[in-house]
Amino acid sequence: MKYHHRVILVLALLLATATSLPAQERAYPKEGEGITLFLKRFNRSGQAYQKEFIRLNKGRFGKNNSLLKGVKYTLPPLRGTQAKKASPTPKAAPKAAEAPKRKNYEPLFGKAQASYPTVSSELKGACFYLVSGHGGPDPGAIGKMGSHELHEDEYAYDIMLRLARNLMQRGATVHIIIQDAKDGIRDQQVLPNSKRETCMGSPIPFNQVSRLEQRCAKINSLSRNEKSSYKRAIFIHVDSRSKHKRTDVFFYHKQQDAKSKRLAKTMKSTFARKYDRHQPGRGFSGTVAGRNLYVLRHTVPTSVFVELGNIQNQYDQRRLILSNNRQALANWLCEGFLQDFRNNRK
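Since we're looking at a predicted model, the values are computed, not measured. (Residues numbered from 1 in each chain as written. Predicted model: local features only at pLDDT ≥ 70, side-chain atom pairs only at ≥ 80, totals over all residues. Heavy atoms only, no water.)

A. Inspection of the packing of aromatic side chains at higher detail. For the coordinates displayed, the defined rule picks out 17 aromatic pairs. Here Phe271 and Trp332 contribute two aromatic rings whose centre-to-centre distance is 5.5 Å and whose plane-to-plane angle is 90°, an arrangement assigned as edge-to-face. Of this pair, Phe271 sits in helix 8 (residues 258-278) while Trp332 sits in helix 11 (residues 323-343), placing them 61 residues apart in sequence. One exposure class covers both Phe271 and Trp332, and it is buried. (Phe/Tyr/Trp six-rings, centres within 6.5 Å; stacked < 30°, edge-to-face > 60°. Helix = DSSP H or I, 4+ residues; strand = E, 2+ residues; numbered from the N terminus. Buried < 20%, exposed > 50% of the residue type's maximum accessible area, 1.4 Å probe, protein only.)

Structure follows, in structure tokens:
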């Protein structure tokens, strides 16, 4: 009889322990989400949560620990004050996180610019993949302006965000491949460098080939699931040459690719018209050339590679440090895409 009492007591203790454990949450990633943004959506930011997440879901990731569409991932338990703030009902957090995305709202643009108006539907049906050069552990080219350093990845990123906003205002589907969850669109002249940038949430490798392979793979993966017949990718960079060498914006296209070459030429002619209008008599010396660049060779959608100037040259630096000039560059790139879309809808 005593034995039965002991068994019942042990079972009761086990049941009490099990019911006191927090329910383990699981959720599906959104399209294009990496680990960082996925965990942030569920209030789990930081390296500790990321390491635990990778451990809990070992063997369920794609290349470079990318999240797979249709896979339900286990979330690490919330800790400390976050756990106290969490709702006692396990379904509460996923329901809040799965709320529909706000229309005309992109948090990557920063608080002041996150909401944007629809100005037209000119680009409805068009799909774009936007990549700012370098990022994460690699700042790219570094220029000097007095005592300040100008980092290529920060200026390329700011112009890329401005371009993304322009395209979205006109009804386009836009995939921002390189992301910084904090920076947003900035107006200051000297943009502080950080290493926060990710490839849609996945850490950016330092190795150059791995870095380029990662962003091409992300574009091609998104492209496979995109029904649009008009898909274009742009890689935005800032060149580094002798400080005495002043350059205009120039464009590279994929070799032996008529669509890529046509897009580059359209971009160049758009810039030439803008310079004639805003700086008559100056002329525009930007060029178009075919280049055997890794990203152009390995990206499936039609793509163009843009160099915005020489980060070492004091005159070209004005093109980058003044926010109005950065906006003008984004506007003109957008107009180039608009013209290309009107002429080539396939």
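B. Region of the structure containing the packing of helix 8 against helix 11. Between helix 8 and helix 11, the shortest axis-to-axis distance is 9 Å and the interhelical angle comes to 130°. Of the possible angle classes, the one that applies to helix 8 and helix 11 is oblique. Classified by chirality, the crossing of helix 11 by helix 8 is right-handed. The segment helix 8 lies against helix 11, with Leu263, Thr266, Met267, Thr270, Phe271, Lys274, Tyr275 and His278 engaging Leu329, Trp332, Leu333, Glu335, Gly336, Phe337, Gln339 and Asp340. Partitioning the contact of helix 8 with helix 11 into residue classes produces eight nonpolar, five polar and three charged. (Axes fitted to C-alpha atoms, helices over the stretch in contact; angles between N-to-C directions. Parallel < 35°, antiparallel > 145°, perpendicular 65-115°, else oblique. Left-handed = near helix turned anticlockwise from the far one by under 90°. Contact = heavy atoms within 4.5 Å. Nonpolar A, V, L, I, M, F, W, Y, C, P; charged D, E, K, R; others polar.)

C. The arrangement of the sheet that holds strand 7 (residues 178-179) in detail. Sheet architecture is open: three strands sit in the order 7-8-9, paired in antiparallel fashion. Each having just a single partner strand, strand 7 and strand 9 (202-203) make up the two edges of the open sheet. In this sheet, strand 8 (residues 198-199) lies alongside strand 7 in antiparallel orientation, the contact comprising two bridges. When the sheet's bridge partners are listed, Gln179 is paired in strand 8 with Thr198. (Pairing = 2+ DSSP bridges.)

D. Structural view of the side chain of Lys231. Tracing the chain through its elements places Lys231 in strand 10 (residues 230-239). As a buried residue without a salt bridge, Lys231 has its nearest oppositely charged side chain in Glu226, at a separation of 6.6 Å. At 2.8 Å, the side chain of Lys231 forms a polar contact with the backbone oxygen of Ser223. A distance of 2.9 Å separates a polar atom in the side chain of Lys231 from the backbone oxygen of Glu226. Among residues more than four places away in sequence, those in contact with Lys231 are Cys127, Tyr129, Ser223, Glu226, Pro301 and Thr302. (Lys, Arg positive; Asp, Glu negative; His and termini not counted. Salt bridge = Lys/Arg side-chain N within 4 Å of Asp/Glu carboxyl O. Polar contact = N/O pair within 3.5 Å; in protein donor to acceptor, adjacent residues only side chain to side chain.)

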